[in-house]
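The residues making up each chain are set out below.
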Number of protein chains: 2
Amino acid sequence: MDRRKFVKTAGIAGLAGTAGLITACGNQSGTADCGDGSTARSEETFEWKMVTTWPRDFPGLGTGANYLAQIIGEMSGGRLTVKVYGGGELVPPFEVFDAVQRGTAEMGHGGAYYWKGKIPASAFFSGVPFAMTASELNGWYYYGGGMELYHEIYKPFGIIAYPIGNSGTQMGGWFNKEINSVDDLKGLKMRIPGFGGEVLKRIGGTPVNIPGAELFTALQNGTIDATEWVGPMNDLAFGLFRAAKYYYYPGWHEPGTALEATINAEAFNALPADLQSIVVIACKAANMDMFAHFEARNGESLEKLLDEHAVELRPFPDDVLAELKGASLAVLEDQAAADEMSGKVWTSMKAYMEQVRPWTEIGSQYFVNRR
Amino acid sequence: MDRRKFVKTAGIAGLAGTAGLITACGNQSGTADCGDGSTARSEETFEWKMVTTWPRDFPGLGTGANYLAQIIGEMSGGRLTVKVYGGGELVPPFEVFDAVQRGTAEMGHGGAYYWKGKIPASAFFSGVPFAMTASELNGWYYYGGGMELYHEIYKPFGIIAYPIGNSGTQMGGWFNKEINSVDDLKGLKMRIPGFGGEVLKRIGGTPVNIPGAELFTALQNGTIDATEWVGPMNDLAFGLFRAAKYYYYPGWHEPGTALEATINAEAFNALPADLQSIVVIACKAANMDMFAHFEARNGESLEKLLDEHAVELRPFPDDVLAELKGASLAVLEDQAAADEMSGKVWTSMKAYMEQVRPWTEIGSQYFVNRR
């Protein structure tokens, strides 16, 4: 008997048997101990789509989506392939959540605060003004109860989400006038999503949220007066320095913004256990990878913005930051009072921050201030 | 024909065919596109050992080793299982590197600076005095050329290494007297590994390196006068507060210590491509996981040390830190001049730090100082 032919036939028989995820040793789970020291896996393959809120291949964000898809494909040996779509290719950027809910795509890649119109509490899972750095936030997600709450808010929508990257502390944004007092922010039409936008509104500005890909044009043609986007690497890539003169820091509104993968729960539950594990762990590895990417490239991009493009770098004055902080806390408390899930999440975050901040103060913060 | 029996037989035939990693569709790679839309994988299973420098299940470090083994097992669907050994169970803590080199164990879990007697440049890959925070260091590892250098230094030993965790900024250590000037460190016999120990030696102290598990006894019976270990979570777990009065910060000598997995290259190369990918990506996910673990637990452990154990928390005086910084830079430059690989690594780190630090200053550092 020709063994090559035999095992090929067996492979097809195995595949035929996978309607109920029956594996090569005949049981009903995706992965199995065959009881004879060998293991066998479902031969079923899965082809997923990932829709994103970013332009295809956009540095850090789009490439982060590519990376996540790539490692899922590699670790699964091709059993689960994920095809990535840039924003607008399959669905518009801000329809990513709906597309994943409907199952048009099995995965989405974006930011949780983009869905705050539908789920108010979602804004807590990307960036919270004057709250946590990326490192602190990851502690909350994985070891501080954040992940459980994250899963809870999306459960009614049939979606499971994981953090899959962090931009680090963002920049304060691009302006065509100097910001010397909070009055300079009044009346300003600025692209700033999530809680940051609510804070701007509270102090008299007009926040708008438009997809990243439209920012440069909107700023250049005066549709908006100012914009924040991400940080040096991404802001350089969009050429925002060509449409505004002043580049402000710090990103008080997004001190460590988590990006997210949304997953259609039904599609996830249809995977065998090993592929489910691959998806979940790939998200965690992607989280590390994207954060490292931003850390490494923001510095050189900042250097380019300053040296090659003569950008005028400015800190927000301390009294402006103090007023923004007051307005931020008021916005957060108001939302926590108005929406039950928001209240639950904000309470969890505050309890965690009360413990993590004293540690930051004598740890990394104390060190960087004296190195 | 009974399909269950048939596929079981086929599974065994597949296994029998794996001597040359022949898969269920008969080709020679570990994972394969069978050409009919299905894929198949090697049925070969691998049982690895992971030796560690930590006590079994030690919080953060030992549990980090367990986590790494666990996710490799889960993602591989049991095709690659990794059994974790605490320090001393299979080999003594400081023989982990040798054990992985010999193939006694396929993996090791420890810290790169433990091998500086054998490979001087290894000390750069864990913690470098007055250098980088965890976030900055991860940028260097994954996107700043660090990983390539890491692989280069271990290649002659048949070992591949990856960062698999970070303690964050460590604490300065436990002392039984106040440190008011550098003179107070002179003559001190202190457990402090890596470059930190070299710096202590340069200013007149006596560094020793002993495994973590022996620290409490050594400090209590006077074998050492002082010790640093990790940070609040780990120091609390060893009960070091019972053997010393003063707890100093910051950990100038280890501002963001990377832990490492060492892998026997021959064992790694024998894996099919999908399992290789699973090992590499598991290391990256474990890196994120352990760092988050330390971030989340150090705060509550610090609270316990202060509130329940009345530990006296002290900052090193600024002039002591300034002198330690001068001595640190001298030690690093001297080693870079004396050892070619160390010179190469330190040059890479310095170039990276020149770009990343201005970013930290206007990003996370500026933010935490004003939140």
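Cut-offs applied
Residues numbered from 1 in each chain as written. Chains lettered and ligands numbered in written order. Predicted model: local features only at pLDDT ≥ 70, side-chain atom pairs only at ≥ 80, totals over all residues. Heavy atoms only, no water. Buried < 20%, exposed > 50% of the residue type's maximum accessible area, 1.4 Å probe, protein only. Helix = DSSP H or I, 4+ residues; strand = E, 2+ residues; numbered from the N terminus. Contact = heavy atoms within 4.5 Å. Lys, Arg positive; Asp, Glu negative; His and termini not counted. Salt bridge = Lys/Arg side-chain N within 4 Å of Asp/Glu carboxyl O. Polar contact = N/O pair within 3.5 Å; in protein donor to acceptor, adjacent residues only side chain to side chain. Domains from an automatic or database assignment. Buried area = accessible area lost by both parts, 1.4 Å probe. Nonpolar A, V, L, I, M, F, W, Y, C, P; charged D, E, K, R; others polar. Pairing = 2+ DSSP bridges. Axes fitted to C-alpha atoms, helices over the stretch in contact; angles between N-to-C directions.

Focus: helix 6 (residues 194-202) of chain B
Residues and elements named next belong to chain B.
Alright, step 1. G194, F195, G196, G197, V199 and L200 are the residues of helix 6 that are buried.
Alright, step 2. Where helix 6 is buried, its residues meet strand 8 (189-191), strand 9 (206-208) and helix 11 (318-338).
Alright, step 3. Immediately beyond the C-terminal end of helix 6, within one or two residues, lies G204, with a positive phi of roughly 105°.

Some thoughts on the side chain of E106 of chain A
Residue and element names in this part refer to chain A.
Alright, step 1. Here E106 lies in the loop between helix 3 (96-102) and strand 5 (107-110).
Alright, step 2. Although E106 is buried, it forms no salt bridge, and the closest oppositely charged side chain is K49 at an N-O distance of 5.4 Å.
Alright, step 3. A polar contact is formed between the side chain of E106 and the backbone nitrogen of K49, at a distance of 2.8 Å.
Alright, step 4. Residues in contact with E106, not counting those within four places in the same chain, are E47, W48, K49, V100, T262, I263, N264 and A267.

Here's the deal with the domain arrangement of chain A
Residue and element names in this part refer to chain A.
Alright, step 1. Along its sequence, chain A is carved into domain 1 (44-166 + 257-295) and domain 2 (173-254 + 310-370).
Alright, step 2. Here the C-alpha centroids of domain 1 and domain 2 sit 23 Å apart.
Alright, step 3. Contact residues are listed per partner, giving 33 residues for domain 1 and 39 residues for domain 2.
Alright, step 4. Here domain 1 meets domain 2 over a buried area of about 3200 Å², counting both sides, of which 73% is carbon and sulfur.
Alright, step 5. Taken as a group, F124, P129 and F130 account for 24% of the area that domain 1 buries against domain 2, more than any other trio of residues on that side.
Alright, step 6. K344 is the partner of E152 in a salt bridge, and the nearest nitrogen-oxygen pair spans 2.8 Å.
Alright, step 7. If you look at where domain 1 meets domain 2, you find 13 residue pairs in polar contact (both at pLDDT 80 or more).
Alright, step 8. Every element with two or more residues in the side of domain 1 that touches domain 2 is listed here: helix 4 (134-143), helix 5 (146-154) and helix 10 (273-307).
Alright, step 9. Among the elements that make up the side of domain 1 that touches domain 2, the one with the highest residue count is helix 4 (4 residues).
Alright, step 10. Of the residues that constitute the side of domain 1 that touches domain 2, the class distribution is 24 nonpolar, 6 polar and 3 charged.

A few points about the sheet that holds strand 4 (residues 80-85) of chain A
Residue and element names in this part refer to chain A.
Alright, step 1. Pairing within the open sheet is mixed, and its 5 strands lie in the order 4-3-5-12-6. Looking at strand neighbours, the two that pair on one side only are strand 4 and strand 6 (159-166), the edges of this open sheet. Averaged over neighbouring strand pairs, the angle between their axes works out to 25° when direction is ignored.
Alright, step 2. Of the strands in this sheet, strand 3 (46-52), strand 4, strand 5, strand 6 and strand 12 (258-264) are in contact with helix 2 (residues 62-75), which crosses strand 4 at around 165°.
Alright, step 3. Contacting strand 3, strand 4, strand 5, strand 6 and strand 12, helix 10 crosses the sheet at an angle of about 30° to strand 6.

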